[in-house]
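Structure assessment
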Amino acid sequence: MTEAILLVGGKGTRLRPLTVYTPKPMVRAAGVPFLTHQLARARAAGVEHIVLATSYLAEVFEPYFGDGSALGLHIEYVTEEEPLGTGGAIRNVAGRLRSGPDDPVLVFNGDILTGLDIGALVDTHETTGADVSLHLTRVADPRAYGLVPTDGTGRVLAFLEKPQTPEEIVTDQINAGAYVFRRSVIDTIPADRPVSVERETFPDLLAAGAHLQGMVDSTYWLDLGTPAAFVRGSADLVLGRAPSPAVPGRCGDRLVLPTATVAPDAKVTGGTVVGEGAYVAEGARVSGSTILPGAVIEPDAVVTDSLIGARARVGERSVLTGTVIGDGAVVGADNELREGVRVWCDARIPAGAVRFSSDQ
């Protein structure tokens, strides 16, 4: 296997305001755009040619990654004029593939952080003679995902979308968002219209008697679709819990990038990233958070499990827990923001305007 398709066209609506100006795969995790980690892991698995299926803010990708040579890859870009879904996106880039009809093509989603053994998935695909092979993982609560039951040999039996009743939950195996397609199968996906691989392509292939193989790999896996998950994924990359050859520094309790400044008595822990040009002032405490480039954390502020956007500012003594501050926003001094709060890009919160406790 030498080539792959990477699906990076989604709008990332669950991540707003992080994705107002930045497509989800380009939001920084552990100091670099998240997409960099996926590209580096694909290259480490032997992939040489990657086609990026872009749509939302498509113009952002190529100026950053160019032809891919800096990562040892050849990258091509195909932009959907109208969103085509996962299957439609795969079919839309088929003309850029170089593989023969029976060759394996890796396909993966642009919002999954995983320790998947890509080589093992390809080996499973080839040794079983499958038409499509799927990475499956086990989760404690599968109701938010598509279930994929398999027989004793790993052959897929059905696709069950987001079950709700106990009777519907027949397995804890879910579709983990990475696939190996036989090249010729991609050409059977309908062209020029939206298609979902999960709801249409895979069930139709199964009904037609195709061989779909599942491989359970329950190493690290995280869907980065929500702000809380994205912050956690970035911290796990810094801490070394999630594998990536693209982390720009040694794994440890924190990652402070060049030109960032952390005051000597500030405490930065828990896998926190402090981006280029950012400043963490004296007495501040930052844990498990992502501080994007140019952001400022003022004296004695406390930031936990949060993402602070580029050029944003958190005022003195403000306490943020599980929050997202958009690019350029300002949180004045003495505010308290708790889990789930999202402050939009360039918004201004006056000093002491939001609290969950008395001001005394």
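Residues numbered from 1 in each chain as written. Predicted model: local features only at pLDDT ≥ 70, side-chain atom pairs only at ≥ 80, totals over all residues. Heavy atoms only, no water.

Quick look at the environment of Ala-30
Assignment of secondary structure puts Ala-30 in the loop between strand S2 (28-29) and strand S3 (32-33). Since its relative accessible area comes to 0%, Ala-30 is described here as buried. It is 32 Å that separates the C-alpha atoms of Ala-30 and Arg-91, two residues lying 61 residues apart in sequence. The residues contacting Ala-30, other than those within four sequence positions of it, are His-37, Ser-234, Leu-237, Val-238, Val-247, Pro-248, Leu-255 and Val-273. (Helix = DSSP H or I, 4+ residues; strand = E, 2+ residues; numbered from the N terminus. Buried < 20%, exposed > 50% of the residue type's maximum accessible area, 1.4 Å probe, protein only. Contact = heavy atoms within 4.5 Å.)

Here's the deal with the pairing of strand S4 (residues 49-54)
In terms of burial, S4 is a largely internal element, 6 of the 6 residues being buried. In the sheet, strand S1 (residues 3-7) pairs with S4 via 5 bridges, with the strands oriented parallel. Counted as the bridge partner of Glu-3 is His-49 from S4. Of the pairings in the sheet, the one linking S4 to strand S5 (residues 74-79) comprises 6 bridges and is parallel in character. Looking at S5, one finds that Thr-54 is bridged to Thr-79. (Pairing = 2+ DSSP bridges.)

Overview of empty space enclosed by the protein
Inspection of every chain in the model, using the stated rule, returns 2 cavities of 30 Å³ or more. Empty space within the largest cavity amounts to approximately 180 Å³. Counting only elements with at least two residues in the lining of the largest cavity, the list comes to helix H1 (34-44), strand S6 (104-109), strand S7 (112-114) and strand S11 (173-182). Looking at the lining of the largest cavity, the element that brings in the most residues is H1, giving 4 residues. Among the residues making up the lining of the largest cavity, the classes are represented as 10 nonpolar, 5 polar and 1 charged. Computed from the structure, the second largest cavity encloses a volume of approximately 40 Å³. As for the second largest cavity, its lining consists of 13 residues, and the residues nearest its centre are Arg-28, Gly-31, Val-273, Thr-290 and Leu-292. (1 Å grid on protein atoms, 1.4 Å probe; cavity = no way out; pocket = protein on both sides within 12 Å on 5 of 7 lines; lining within 4 Å. Points joined across faces, edges and corners; volume = space filled by probe spheres on them. Nonpolar A, V, L, I, M, F, W, Y, C, P; charged D, E, K, R; others polar.)

Some thoughts on the nonpolar core
With 29 residues, the main nonpolar core has Ile-5, Ile-90, Val-132, Leu-134, Phe-181, Phe-202 and Leu-212 as its most contacted residues. For this core, the secondary structure elements donating two or more residues are S1, S4, helix H3 (85-92), S6, strand S8 (132-138), S11, helix H5 (183-186) and helix H6 (197-207). Those residues in contact with Ile-90 that sit more than four places away from it in its chain are Ile-5, Leu-7, Val-107, Phe-181, Ile-186, Ile-189 and Val-197. Core analysis: the next-biggest nonpolar cluster, separate from the first, contains 25 residues, Val-274, Val-303, Val-314 and Ile-325 among them. (Core = buried A, V, L, I, M, F, W, Y, C linked by side-chain atoms within 4.5 Å.)

Some details on the packing of H3 against H6
Helix packing for two helices is described by the angle between their axes and how far apart those axes are. Running from N to C, H3 and H6 cross one another at 70°; their axes reach a closest spacing of 7 Å. The angle between H3 and H6 falls in the class roughly perpendicular. Counting all contacts with H3, which are made through Thr-86, Gly-87 and Ile-90, the residues of H6 involved are Val-197, Glu-198 and Thr-201. (Axes fitted to C-alpha atoms, helices over the stretch in contact; angles between N-to-C directions. Parallel < 35°, antiparallel > 145°, perpendicular 65-115°, else oblique.)

Here we look at the sheet that holds strand S29 (residues 342-343)
One open sheet holds the 6 strands; their spatial order is S14-S17-S20-S23-S26-S29, and the pairing between them is parallel. Strands at the two margins of the open sheet, each flanked by one partner only, are strand S14 (254-256) and S29. Alignment of strand S17 (residues 272-274) against strand S20 (residues 290-291), held across 2 bridges, turns out to be parallel. The partner of Val-274 across the bridge, within S20, is Ile-291. Docked against the sheet, helix H7 (residues 227-239) engages S14, S17, S20, strand S23 (307-308), strand S26 (324-325) and S29, running at close to 85° with respect to S17.

Topic: the side chain of Glu-80
Positionally, Glu-80 belongs in the loop between S5 and H3. Here Glu-80 occupies a buried position and makes no salt bridge, while the nearest side chain of opposite charge, Lys-11, is found at 11 Å. A polar side-chain atom of Glu-80 sits 2.9 Å from the main-chain amide nitrogen of Leu-84. Ignoring anything within four residues of it in the chain, the contact list for Glu-80 reads Ala-53, Thr-54, Ser-55, Ala-89 and Asn-92. (Lys, Arg positive; Asp, Glu negative; His and termini not counted. Salt bridge = Lys/Arg side-chain N within 4 Å of Asp/Glu carboxyl O. Polar contact = N/O pair within 3.5 Å; in protein donor to acceptor, adjacent residues only side chain to side chain.)

A closer look at the layout of surface pockets
Counted as a void, the largest pocket has a volume near 1,100 Å³. Arg-14, Thr-86, Asn-109, Asp-111 and Glu-198 are, among the 38 residues lining the largest pocket, the residues nearest its centre. Per element, the largest residue contribution to the lining of the largest pocket is 4 residues, and it comes from S11. Class assignment for the residues of the lining of the largest pocket results in 14 nonpolar, 14 polar and 10 charged.

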